[in-house]
Amino acid sequence: MNSTICRLAIPAEEGFSLGDTLNCGQCFRWNEAEDGWFEGVVEGRFCRVSQDAQGLLLQGVADGEERFWADYFDLSTSYAEIRTKLCGNKTLAKAAEFAPGIRVLRQYPWETLCSFIISQNNNLARIRGIVARLCECFGDEISAGIYAFPTPERLAVLSESDLAPLRSGFRAKYILDAARKVSSGEVVLADVATMELDDARAVLQQIHGVGPKVAECALLYGFARMECFPMDVWMKRAMKHLFPKGLPRCARDNAGIAQQYIFHYARVCPDAFPSKL
DNA sequence: ACCCAGGCGACGA
DNA sequence: TCGTCGCATGGG
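Nothing here was measured: the structure is a model prediction, and the numbers come from that model.

## Re helix 12 (residues 233–242)
Link 1 in the chain: Inspection of helix 12 places Met235, Ala238, Met239 and Leu242 among the buried residues, and these make up the whole buried set. The buried residues of helix 12 occupy an angular sector of 100° when projected down its axis, which confines them to one face. Exposed and facing more than 90 degrees away from the buried side of helix 12 are Val233, Lys236 and Lys240.
Link 2 in the chain: Residues of helix 12 that are buried make contact with helix 4 (90–96) and helix 13 (255–268).

## A few points about the protein's contact with DNA strand C
Link 1 in the chain: Residues in contact with DNA strand C, as listed here, are Asn121, Arg126, Arg167, Gly169, Phe170, Arg171 and Lys173.
Link 2 in the chain: Contacts to DNA strand C include Arg171, whose side-chain N or O atom sits 3.4 Å from a base nitrogen.

## Observations regarding the layout of surface pockets
Link 1 in the chain: In this structure, the largest pocket occupies an estimated 610 Å³ of space.
Link 2 in the chain: Along the walls of the largest pocket sit 28 residues, with Asn122, Lys213, Asp232, Phe263 and Arg267 positioned nearest its centre.
Link 3 in the chain: Elements represented by at least two residues in the lining of the largest pocket include exactly helix 5 (109–119), helix 6 (124–138), helix 11 (212–223), helix 12 and helix 13.
Link 4 in the chain: Top element by residues in the lining of the largest pocket is helix 13. It accounts for five residues.
Link 5 in the chain: Reported here for the second largest pocket is a volume of approximately 250 Å³.
Link 6 in the chain: Lining the second largest pocket we find 14 residues, and of these Arg29, Asn31, Val41, Ala132 and Glu136 sit closest to its centre.
Link 7 in the chain: Listed by contribution, the elements that provide at least two residues to the lining of the second largest pocket are strand 3 (38–42), helix 6 and strand 7 (146–147).
Link 8 in the chain: Counting residues per element, the lining of the second largest pocket draws most heavily on helix 6, which supplies four residues.
Link 9 in the chain: Residue composition of the lining of the second largest pocket, grouped by class: seven nonpolar, three polar and four charged.

## Quick look at the sheet that holds strand 2 (residues 30–32)
Link 1 in the chain: The strand order across the open sheet formed by five strands is 1-5-4-3-2, and the pairing between neighbours is antiparallel. In this open sheet, the two strands that pair with only one neighbour each are strand 1 (5–9) and strand 2. Adjacent strand axes in the sheet meet at a mean angle of 30° when their direction is disregarded.
Link 2 in the chain: Alignment of strand 3 against strand 4 (residues 45–52), held across five bridges, turns out to be antiparallel. Within strand 4, the position partnered with Glu39 by the bridge is Arg48.

## Focus on unusual backbone geometry
Link 1 in the chain: Look at Asn121: it is not a glycine, yet its phi comes out positive at around 45°.
Link 2 in the chain: Relative to the assigned elements, Asn121 resides in the loop between helix 5 and helix 6.
Link 3 in the chain: Within the chain, Arg167 stands out as a residue other than glycine whose phi angle is a positive 55°.
Link 4 in the chain: Note on placement: Arg167 falls in the loop between helix 7 (152–156) and helix 8 (172–184).

## Notes on the packing of helix 5 against helix 6
Link 1 in the chain: The N-to-C vectors of helix 5 and helix 6 enclose an angle of 135°; their axes lie 9 Å apart at closest approach. Judged by the inter-axis angle, helix 5 sits oblique to helix 6. Here helix 5 and helix 6 pass one another in a crossing that is right-handed. Note on element contacts: helix 6 touches helix 5 through Ile127, Ile130, Val131 and Leu134, opposite Cys114, Ser115, Ile118 and Ser119.

## Remarks on the protein's contact with DNA strand B
Link 1 in the chain: Neighbouring DNA strand B are 26 residues; Asn122, Gly209, Gly211, Val214 and Gln259 lie closest to it.
Link 2 in the chain: The sugar-phosphate share of atoms of DNA strand B within 4 Å of the protein amounts to 60%.
Link 3 in the chain: A distance of 3.2 Å separates a phosphate oxygen of DNA strand B from a polar atom in the backbone of Lys213.
Link 4 in the chain: Arg267 has a polar side-chain atom sitting 3.5 Å from a phosphate oxygen of DNA strand B.

## As for the packing of aromatic side chains
When we look at a pair of aromatic rings, we describe it by the centre distance and by the angle of the planes.
Link 1 in the chain: Throughout the structure, instances matching the rule amount to twelve aromatic pairs.
Link 2 in the chain: When the ring of Phe28 is compared with that of Phe116, the centres are 5.2 Å apart and the planes differ by 65°; the resulting orientation is edge-to-face. Remark: Phe116 occurs in helix 5 and Phe28 occurs in the loop between helix 1 (18–23) and strand 2; sequence separation between them is 88 residues. Neither residue differs from the other here; Phe28 and Phe116 are each classed as buried.
Link 3 in the chain: An angle of 15° between the planes, with centres 4.2 Å apart, marks the rings of Phe98 and Tyr265 as stacked. Pair noted here: Phe98 is in the loop between helix 4 and helix 5 and Tyr265 is in helix 13, with a separation of 167 residues, a long-range link.
Link 4 in the chain: Chaining the aromatic ring pairs together yields one cluster made of Phe16, Trp30, Phe68, Trp69, Tyr72 and Phe73.
Link 5 in the chain: One Lys or Arg, Arg237, reaches over the ring of Trp234 and ends 5.1 Å from the middle of that ring.

Conventions adopted
- Residues numbered from 1 in each chain as written.
- Chains lettered and ligands numbered in written order.
- Predicted model: local features only at pLDDT ≥ 70, side-chain atom pairs only at ≥ 80, totals over all residues.
- Heavy atoms only, no water.
- Buried < 20%, exposed > 50% of the residue type's maximum accessible area, 1.4 Å probe, protein only.
- Helix = DSSP H or I, 4+ residues; strand = E, 2+ residues; numbered from the N terminus.
- Arc of directions from axis to C-beta.
- Contact = heavy atoms within 4.5 Å.
- Near = heavy atom within 4 Å.
- Polar contact = N/O pair within 3.5 Å; in protein donor to acceptor, adjacent residues only side chain to side chain.
- 1 Å grid on protein atoms, 1.4 Å probe; cavity = no way out; pocket = protein on both sides within 12 Å on 5 of 7 lines; lining within 4 Å.
- Points joined across faces, edges and corners; volume = space filled by probe spheres on them.
- Nonpolar A, V, L, I, M, F, W, Y, C, P; charged D, E, K, R; others polar.
- Pairing = 2+ DSSP bridges.
- Axes fitted to C-alpha atoms, helices over the stretch in contact; angles between N-to-C directions.
- Parallel < 35°, antiparallel > 145°, perpendicular 65-115°, else oblique.
- Left-handed = near helix turned anticlockwise from the far one by under 90°.
- Phe/Tyr/Trp six-rings, centres within 6.5 Å; stacked < 30°, edge-to-face > 60°.
- Lys NZ or Arg CZ within 6 Å of the ring centre and 35° of its normal.

Next up, the structure:
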């Protein structure tokens, strides 16, 4: 591996937190190494990442690919500005306090879709395990022991029993249906990227195993549709208490980021949102 | 032993 | 169009 360290500057006022961003449940392929660096694979590129006061430090970045990683971490967006907008609402300001350094990553559409299919009725540790096994079993080995996320074409030719080693349970047939519809062109992700939001939702939900929540996550994390607002059990609970009349107007264009703050607040302070009312 | 997990599809009313 | 239930697997 190329051991040169490359830097991507992030202004301090952004309040960026690499750890919160990679552990908040939007991505599943980053692991914290012994030395505190995060190791991950994005679109077939392995990288080690850390942060200091100046911003990100990346190890293993190929020549000319700094831009790729800056895009992945969405460094051209000012989260400080977005927070200022969101914090026009008192309750949102409070929610943002718990993890202001979270940033919505710009992930690869197919991997994101597939990962959130796996996420349903599942917990973070198990999602990561299943995704890791999916890559080890069917992804290209990009270097020793490091695997890319498998393509839809590779998965489309498999059967449910081929996926048994993943131990993904009832989700196996959903993974296969997604792979087949995407590889056959029945669902064209490049088109989904530019469609009217409601059309994009409908297209994704043609896939068996993709409902409103999975589609919303795929569109937010995999297609950078910042108006999307995934509602899982945690969010429903938190919204009932914080915004019974719905999300305030100031959050409309950045609902996805507001969702990250609220979601994290609910996870960190479960006692603030009792499940029974 | 039980309950739950970043839900969804099938089914019945 | 609504509520309810089963679903595979694993951890607390």
